[in-house]
Structures are given as structure tokens and as C-alpha cells.
Amino acid sequence: MFEKWLDLEDRFNRGTMSRRGLLKGAMKLGMSTAAAYAFVGAVTDPRAPLSHGGIGQARAAASAKTLNAVLITIQRAGDLGPVDTMIAGFKRGAEQLNYNVRVVEALQGDYQGALEASAAEKPDLIIGLFPPMADPLERAAKQFPDTHFANLIGIVPDGTPNLKSVWHAGQDGTYLTGALAGMVSTEKLLGVDSDTLGVVLAVENGEQHGYLAGYQQGFKATNKNGKVLFNVIGGNSPFEDPVKAAQLAAVLKERGAGIIGVSGGKSQHGVLSSAQRLGYIGLGMDNDQCLQYPDTCLASMLVFLDNWVIGVMEEVRNGTFAPGHHYVGLPDGALDICPFSDADHKLGSSLPKVIADTIANMRDQVRTGAIKISGTPEL
């Protein structure tokens, strides 16, 4: 499979394959849409902030010393979303950059123990996923100065030379999906007969509030009568509770929501899988969930989390590890809106072209800074 990736890169660099052909080729090799877009970004712009520098660099890595890395997740694999995407990136990075890798699922309350047990094996890199890993990672980084540590989707303080974090401006992506929902609701397309957007949050924290803020601002930017309602899953497993998420989506539907957005790991599948039965349109997140729910998912915010993982692995491999906190968004290539108007997107491809063109224009304005989106929601 690796040689086939290299062949795609070589054909693109020789000018015999277009960017679109590169994307289609990557998807034919079995990549998810999110992974394929990350691959295209790596090949076409190897200096992008979160790019892994071009697949061709793996040729050099393959002959170098094998490194060891551990990925610790506090949410279980099998979510068909962020965890699975980052694990896929971790495994792809292992093949491309010559790493031995291991994935650990840490139980709540034992994050520090799982982290220190892994660090005691003296790997070159430990990646901890999600905000609750920030403090344990900081303590471990100080205790094990010869190991690199990274918190992805988290925030760690500056000042520890072997510790970094990456957090994203999720509002950049939900602004665009929210704006698309606003136009669909304004024009009463796809059976939507409501000016209300619903959002099911997993918890109330900075990340989730950023998503909500983007939904609010995007929806109201294109629907002057728009109203946004939200509710919160909460509980002991807010990112792994699709049943409760579906129940909350039903409540939002009863309150008038014609379109409902998501923001929460495996839980969001409860919202999206109930859409047809309850009679609303869904907005996806993390990977391209339009392909998973073609009849009911209008568009998805893509977060290229696999590329984040590979980027950190490459930094360690190349000796360019950049400590401290890094805040990234659409202009950095960290996230985007899915290609909702392409032929393989059932709902989006049926919309008038002017809607797709408008979202493309708004996307360009977000990238250039002409549209600025606050990460603070109206609560």
C-alpha cells in the first residue's frame, strides 16, 4: 500500500495527475475522506503547519533508526470519529516514518498511572488525547525529560521543552456548516421548514463552546430569522453515549429544530442515526459523515486529526519538535468543511450551485481573516 501512495505522489509531482485526481486516487486506496484530504495536503503543500512534510520523506525515515511511540486515549476506539481517525494516523505515521507504536486506552481516574507506566518504557514520543490529559502530561514531561510528550486537542503551558499541545479553532468549521444550514433553512430546501438550528453538545467546556459559537454565528449569518437551541449530554461518558444524544436530539426536534448539529465523539452517531426516523437533517463532525449517513447528513466539519498525529511524529523524527501550545484553524489546514457539493454527497449535490459558491466564498474569507469568528457562544 505504501508504494501505491508514493506512486500517487510521484504522478502528481510529474504533472500527470491533478489535485482532484490525487484525492480520488487516495480514496480508492481505502482512505477516509478526512485522511485523503490530509494526504493531498501533505503532497501538494509539504510546508503546511500541520503537514507531515510529504510522503516522500518516508523514504529517508525508512532507513533511519526505528523510534518508539505510545498513543494514550481516554475515549475508547471504535467511535468512527476522532479517536479512530487519530489511531489511523498513528499507524500510518508508524509505517511512513519508521516507528514501533502502541495504543493504550486509559480508564478514568488512572490517566497518570497509564502515562507513567508507558513513560517508564522510555519511548521517544507519547501522545495523550483530549483535555483531561494535559496535567498528567505536564507532570510526566518533567519527570521524564528524555521523552517527547504531546497533548492533541488540549492545552499545556509553555516552558517545558519536551511538551507541546495543539488546540483548534473549531468555530471556523462549524461556522461554515452552520452557514450552509442557514441557507437551506431560509430557502426551505431538503424538506426543512424551520428557522431553528439545534446543537447537541457533549459537555460544556472551551472546545465545545467554540463549536457552538461557530454554529450560532454561521447560522445567523445566512438566516436573519435564525434561532439556535442547544442541550448538553453530560454524565460519566458524554462522548460515548449515543442513546442519550439521540434523546436530546428528539427534544430539540420537538422544540422546532429542522437541522441539528453535533459535537461529541461516538455520541454524535446517536444524533445522526436518528435523523431520518425523527425527521430532521444532521450536520456531522470530525470525518465526512455525509458518506456514513447519505440521506440525512447535509455537511460535515472535517478535522484532520490524523495529520496532527503524523505531524508530531515527524517533528520527533526530524529533531524539529516545537514545544508549547499551538492554536490552529482553517487557515492552517487543520480543519475544513467537507466537499458537500460533490457528486458523492447526496444532499449537498442536490442544492443550487449558488449555495455551494456562497459557502466557498465564505470559506475563503475565513481563511484570509476577512471573516473573524468568535469562540465565545451566546449562552
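See the structure shown above.
Since the structure is predicted, the reported quantities are computational estimates derived from the model, not experimental observations.

Draft legend 1. Fine view of the side chain of Gln75. Turning to its location among the elements, Gln75 is positioned in the loop between β1 (67–73) and α5 (82–97). The exposure class assigned to Gln75 is buried, which follows from its relative accessible area of 8%. Apart from residues lying up to four places away in sequence, Gln75 is in contact with Val83, Phe130, Phe239 and Glu240.

Draft legend 2. Just the pairing of strand β10 (residues 297–303), in detail. Counting buried positions along β10 gives seven out of seven residues, so the element sits mostly inside the fold. Two strands pair when backbone bridges link them, and strand β9 (residues 281–286) and β10 are joined in this way by five bridges, in the parallel orientation. Residue pairing in the sheet places Met285 in a bridge with Met301 of β10.

Draft legend 3. Molecular detail of the side chain of Gln268. When you line up the elements, Gln268 lands in helix α11 (residues 268–278). Gln268 gets classed as buried once you look at its relative accessible area, which sits at 2%. Those residues within four positions of Gln268 in sequence are excluded, and the remaining contacts are Val262, Ser263, Met285, Asp286 and Gln289.

Draft legend 4. Focus on the sheet that holds strand β11 (residues 324–328). One open sheet accounts for six strands, arranged β2-β1-β3-β4-β5-β11; its pairing is parallel. Across the chains shown, the open sheet's two edge strands, defined by having one partner strand only, are β2 (99–105) and β11. Put simply, the sheet's adjacent strands are angled 15° from each other on average, direction ignored. Against the sheet, α5 engages β1, β2, β3 (125–129) and β4 (148–152), with an angle of about 160° to β2.

What counts and what doesn't
Residues numbered from 1 in each chain as written. Predicted model: local features only at pLDDT ≥ 70, side-chain atom pairs only at ≥ 80, totals over all residues. Heavy atoms only, no water. Helix = DSSP H or I, 4+ residues; strand = E, 2+ residues; numbered from the N terminus. Buried < 20%, exposed > 50% of the residue type's maximum accessible area, 1.4 Å probe, protein only. Contact = heavy atoms within 4.5 Å. Pairing = 2+ DSSP bridges. Axes fitted to C-alpha atoms, helices over the stretch in contact; angles between N-to-C directions.

It is worth stressing that arrangement in space is one thing and function is another; only the former is reported here.
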